[in-house]
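# Descriptive structure summary
What follows is the residue order along each chain.
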Amino acid sequence: MAEESFLTDDFLRQLMNVGEVDILVGLPTHNNAKTVGSVVQTIQSGILHGFPRDRAVIINADGGSRDGTPELVTGISIDDMRPSFNLNSLRTLHSISTKYASSPSSSVAMRTILAAAELLRAKACVMMSPESANITPEWLSKLLRPIYNDGFDLVTPTYRRHKFEGQLITNLVYPMTRALYGLRIREAYSPEFGFSSRLGSQFLAQNVWNDGTEGAGVELRFTLAAITGKCRICQSFLGEKDSVERRGADLVPAMRQTVGALFSAMEPDFPAWSGIAGSQPAPTTGADQEVLLEPLRVNRKRLRSMFSTGVVELESVFQSILSPSTLAELQRIALLREDDFHYPAELWVKTVYEFAASYQKSVISRDHIIQALAPLFRGRAYTFLMENRNASARDVENNIEGLCLEFERLKPYLLQMWEKGK
Amino acid sequence: MPLNSDALWYKDAIIYQVHVRTFHDSNRDGIGDFQGLEEKLDYLQELGINSIWLMPFFPSPLRDDGYDIADYNAVHPSYGTLEDFRKFLESAHDRGIRVIIELVSNHTSDQHPWFQESRSSQDNPRRDWYVWSDTDTRYKGARIIFLDTEKSNWAWDPISKSFYWHRFFSHQPDLNYDNPAVQEQMWNVMKFWLEMGVDAFRLDAVPYLVEREGTNCENLPETHKVLKELRRKLDENFPGRMLLAEANQWPADLRPYFGDGDEFHMAFHFPLMPRMFMGLKLEDRKPITEILQQTPEIPSTCQWTLFLRNHDELTLEMVTDIERDYMYDTYAQNKTMRLNLGIRRRLAPLLANDRRRIELMNGMLMSLPGTPIVYYGDEIGMGDNINLGDRNGVRTPMQWNGETNAGFSAAAPERLYAPLIHDPVYGYPAVNALRQHASEHSLLNWMRSLIAVRKSTGVFGRGSIQFLYPANHRILAYVRQLGNETVLAVNNLSSTAQAVELDLQRYKGNILIEMFGKNMFPRIGDLPYLLTLGPYQFYWFRLRRI
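What counts and what doesn't
Residues numbered from 1 in each chain as written. Chains lettered and ligands numbered in written order. Predicted model: local features only at pLDDT ≥ 70, side-chain atom pairs only at ≥ 80, totals over all residues. Helix = DSSP H or I, 4+ residues; strand = E, 2+ residues; numbered from the N terminus. Rg over C-alpha atoms; globule rule 2.2 N^0.38 Å. Buried ≥ 20, exposed ≤ 12 C-beta atoms within 10 Å, placed from the backbone. Core = buried A, V, L, I, M, F, W, Y, C linked by C-beta atoms within 7 Å. Contact = placed C-beta atoms within 7 Å. Nonpolar A, V, L, I, M, F, W, Y, C, P; charged D, E, K, R; others polar. Axes fitted to C-alpha atoms, helices over the stretch in contact; angles between N-to-C directions. Parallel < 35°, antiparallel > 145°, perpendicular 65-115°, else oblique. Left-handed = near helix turned anticlockwise from the far one by under 90°. Pairing = 2+ DSSP bridges. Right-handed = clockwise from strand over helix to strand, strands pointing away. Arc of directions from axis to C-beta. Domains from an automatic or database assignment.

Our next topic: the overall build of chain B. What chain B contains, in helices and strands, is 16 helices and 22 strands. Since a compact globule built from 546 residues should have a radius of gyration of about 24 Å, the 23 Å found for chain B is in line with a globular shape. A principal-axis box enclosing the C-alpha atoms of chain B has dimensions of 80 × 55 × 45 Å. Classification of the 546 residues of chain B by burial places 52% in the buried group.

Shown next as structure tokens:
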């Protein structure tokens, strides 16, 4: 039986009216009325400043907002801004919106946007977050120009972040992705990125939409697909990333989106990553990554206590995931006094690799595996905070680099664990 | 065919713009003349136009193609005599064709006897007929129009040892309209031609008549006062005659030239024209609808004049910088095509000789609100010669046939006032009136049919307009309405086929009659009206409730 179309007739009609475009901006939303207005205005401004001659459309895929988000997206006219920004558009600037049938899902939203990009034959596309409080019009050019002018397929962002922000990225996603796939992409999982129609169509055709993962971490999987598909990838520095956006995110859902997606991809991608040793930098425009040093309040005590409690309470789970030596070492450090507590890089890397191998073997429910990693990550986060408490920006970067090298160095250990599970 | 007696005749006019020099040479001197033009009136009548706008034909040193007049009350000897003009005028009127002539009122040639007297001494009685100054620092707020050639609006006169004011070329001194004698003299000039039977004047460069310190010397109230007085005299003495303003301004600045229906009858809509080209290239109706939205209402007796191309460059003064850059990059990549702030090209080459685009642009010209002007030769798709200087590349001889000198003149080819177009695509062997006359599907015959359909209803010349804004932005659609008559025009600006859904609920129950083939289209029902259009296709539908 043919698969039912996931695009509504009304959405198709809107796409038909837009016709072929040069620039497509994807905007997945769900109850973002507070922020989406200014984001759309900034996007429009970015299009008019950076691409005044090009055919452009903003595609909003909405997960059933009840706060009027889609109406805000389509209701904002560039004419409202013209007097204040002295903007002059040559063309009609389209904003269209569709509500997809299922419950809010970044995967469905992305699939909808990718399908629209293919149907409209967009030359260059960009995904934007509806919550980006720090978005500037230049972000559009920074993410689109390398695709539009230089033939890149994927442009991932780099940001100016606080040194303790985004620890899941710096302690796990970035170093592990880098070690696995051999390419140094700082923000492989980001709500903002640019991509070519070629990559969009390639990903759209992949069997990631109905593979049982419910599209978790689709943005990360998109990046990984670009790497394994031998696409041209670069990074572009966007500036400061608003920390508010991610602060509210709970750890476990965030891990499902990132670590879960990464672990899931490892099995199909095995031929691509298993032979890679070391890593190469990705071409980068602007700064590689900038670190801010002003104070950020973190409850360190709670991190450590959740680690220790987790090690005790989840012992039986860990027994099926971790090697005896790794578990023993974790149990040892769990008993250390606060001042002496230290979760060393090597132990952390081995922990993560053993979790990845167990994920592949599905020793227990895959979701439970991801949940079980959460308290251990908190322990590692505590160590990262302590190690970098007084560190300069350069020191922080050096420490992250050291961790990355440890992930690369221990990659044979991962392969060993992986093979053992077969 | 007598002239129709309607005082608002200009609303139904279809104007053909021609320079007598370019059209047909009857006396073998290589220069077109009034006898030659008269001989070709049958051609124009067959084309369907009902007004001719003649570019300046007065005695002149011809340093600006006749816009530098040396005698307002005579005909340049190259073009014939006053008697020849009179005969041409009568013949045109006999065919129901009205004649519009130029009144270059802002300035004269520096060879005009008025200026020669004025410069001869400081106390000459005509000294104040022009704008003189001891310094070149007055009126600093006035822009320089011919940027490519002029550095200042003041020129030094070595004879009277002072500066004179000129808004255009330095050999074109501006008349001083603060002097009542100048105003009176200009009315005498008008009277001279009106008494002969001329139907209308195109007043050249009207925004610049009066100068005032601290202003940009454009569109000043004092200028409007002068113009209103001329109009008053015209209505009083010659009812039914018409004044057409050439004022290259934004619509809001143009509006005062209509006054309360007591200044100009018509004015060129300069900003619309480049936006039609822009909309076509962008495949987006936005530039067109945007400028028409900004166009103010005008008194009921007044009318806009629309054109695609004319004897000047495609002016880009009334566009933004970003729009001008876009126009240059898309329509004049070769920099020799650019002149001042514009593009010196004819219609067909601008549109890459694409018949579909030429038809669409003419379709819009004939269906948007206003009186259309067809520039001579564009009805057969004539090309241009960008190697000729200034704007002469779009002023080459009319191409009548594929024979010697394109049938324009029996003179030796080297005596022609300008070389013919010879290139393989636009040259006269390929593009000429005779050949197109014989070909049923030629551009010429299509233009005749277009004009005939336009003239079949008063709605295009006099009707209201309501834009439809279908979601497909490549489609420019509007409803023209006059009394019980309603016409729907739908234009596909895109190079690809398009589907469009039109909200025609207001007209539910009507059937659509396509105006060229007179075929019936389905009745308007409850659903949006679905149309498909081929690349650059347009439809005109008459709405009928049967």
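Before going further, it helps to spend a moment on the nonpolar core. Within the largest apolar cluster, 161 residues are counted, with the highest numbers of intra-cluster contacts made by I52(B), L54(B), I100(B), L244(B) and A267(B). The greatest single-element share of this core, amounting to 7 residues, is contributed by helix α9 (residues 272-282) of chain B. Apart from residues lying up to four places away in sequence, I52(B) is in contact with Y16(B), V18(B), L44(B), A92(B), I97(B), V99(B) and I100(B). Counting residues in hydrophobic clusters, the runner-up holds 122 residues, among them A124(A), Y343(A), W348(A) and I370(A).

Here the focus is the interface of chain A and chain B. At the junction of the two partners, chain A supplies 10 residues and chain B supplies 14 residues. Residue composition of the side of chain A that touches chain B, grouped by class: 3 nonpolar, 5 polar and 2 charged.

Below, the discussion takes up the packing of helix α16 (residues 345-361) of chain A against helix α18 (residues 393-409) of chain A. Residues and elements named next belong to chain A. Running from N to C, α16 and α18 point in directions that differ by 50 degrees, and their axes come no closer than 9 Å. Overall, the two elements α16 and α18 adopt an arrangement that is oblique. Of the two elements, α16 crosses α18, and the hand of that crossing is right-handed. Listed contacts from α18 to A345, E346 and V349 of α16 are G402, L403, E406 and F407.

A few words on the sheet that holds strand β12 (residues 338-339) of chain B. Residues and elements named next belong to chain B. On the basis of which strands lie adjacent, the open sheet formed by 3 strands has the order β11-β13-β12 and antiparallel pairing. In this open sheet, the two edge strands, each paired with only one partner strand, are β11 (314-315) and β12. The pairing of β12 with strand β13 (residues 342-343) spans 2 bridges and is antiparallel. Among the inter-strand pairings, L339 is bridged to a residue of β13, identified as G342.

A word on the pairing of strand β1 (residues 23-29) of chain A. Residue and element names in this part refer to chain A. By the criterion of burial, β1 is predominantly enclosed, with 7 of the 7 residues buried. Where burial is concerned, the two faces of β1 agree: the one with I23, V25, L27 and T29 and the one with L24, G26 and P28 are both buried. As defined by bridge partners, β1 adjoins strand β4 (residues 124-127) across 4 bridges and the pair is classed as parallel. Bridged to L24 within β4 is C125. Note that β1 and strand β2 (residues 56-62) share 7 bridges and pair parallel. Each bridged residue has a counterpart across the sheet, and for G26 the counterpart in β2 is I59. A crossover connection joins β1 to the parallel β2 through helix α2 (residues 33-50); in handedness this β-α-β unit is right-handed.

Attention now moves to helix α1 (residues 9-18) of chain A. Residues and elements named next belong to chain A. Those residues of α1 that fall on the buried side of the exposure criterion are F11, Q14, L15 and V18. Axial view of α1: buried residues confined to an arc of 100 degrees, hence all on one face. Opposite the buried face of α1, at more than 90 degrees from it, the exposed residues are D9 and D10. The secondary structure elements touched by the buried residues of α1 are β2, β3 (94-99) and α5 (106-119). Positive backbone phi, at 75 degrees, marks G19, one or two positions downstream of α1.

Now for the environment of D9(A). Residues and elements named next belong to chain A. Following the sequence through the fold, D9 ends up in helix α1. The class of D9 is exposed, set by 8 C-beta atoms lying within 10 Å. Expressed as a C-alpha distance, the spacing of D9 and F384, which sit 375 residues apart in the sequence, is 51 Å.

The pairing of strands in a sheet comes from backbone hydrogen bonds and takes either a parallel or an antiparallel form. Residue and element names in this part refer to chain B. Strand order in the closed barrel made by the 8 strands is β1-β2-β3-β7-β8-β9-β10-β14, with parallel pairing throughout. Here the strands of the sheet are splayed against their neighbours by 25 degrees on average, with no regard to which way each runs. With 3 bridges joining them, strand β9 (residues 266-268) and strand β10 (residues 303-307) adopt parallel strand pairing. Looking at β10, one finds that M266 is bridged to Q303.

Right, let's get into unusual backbone geometry. All names here are of chain B. Residues other than glycine seldom take positive phi values, yet D65 does so here, at roughly 55 degrees. Of note, D65 is situated in the loop between β2 (51-54) and α4 (82-94). D65 sits in the partly exposed class, given 17 other C-beta atoms within 10 Å. A positive phi angle, near 50 degrees, is found at A205, a position not held by glycine. With respect to the helices and strands, A205 occurs in the loop between β7 (200-203) and α7 (221-237). Residue classification places A205 among the buried residues on the basis of 20 C-beta atoms within 10 Å.

All names here are of chain A. Each domain of chain A was delimited in the assignment, giving domain 1 (9-165 + 189-255 + 283-292) and domain 2 (300-420). Computed from C-alpha coordinates alone, the two centres of domain 1 and domain 2 are separated by 33 Å. Listed per partner, the contact involves 6 residues of domain 1 and 9 residues of domain 2. Examining the composition of the side of domain 1 that touches domain 2, we find that 3 residues originate from one element, helix α11 (residues 251-266), more than from any other. Split by residue class, the side of domain 1 that touches domain 2 holds 5 nonpolar, no polar and 1 charged.

Let us look at the environment of Y478(B). All names here are of chain B. Counting through the fold element by element, Y478 comes out in strand β16 (residues 475-482). Distance in space between the C-alpha atoms of Y478 and S442 is 28 Å, their sequence separation being 36 residues. Non-local contacts of Y478, meaning those with residues more than four positions away in its chain, are made with I465, Q466, F467, L468 and A489.

Here we take up the packing of helix α7 (residues 167-181) of chain A against helix α17 (residues 366-387) of chain A. All names here are of chain A. Direction vectors running N to C along α7 and α17 enclose 110 degrees, while the axes themselves pass 10 Å from each other. What the angle tells us is that α7 and α17 run roughly perpendicular. At the point where α7 passes α17, the crossing takes the right-handed sense. Of the residues in α17, those touching α7 at Q167, L168, N171 and L172 are F377, R380, A381 and F384.

You can read the domains of chain B as domain 1 (9-106 + 179-455), domain 2 (113-165) and domain 3 (463-544). The gap between the C-alpha centroids of domain 2 of chain B and domain 3 of chain B is 55 Å.

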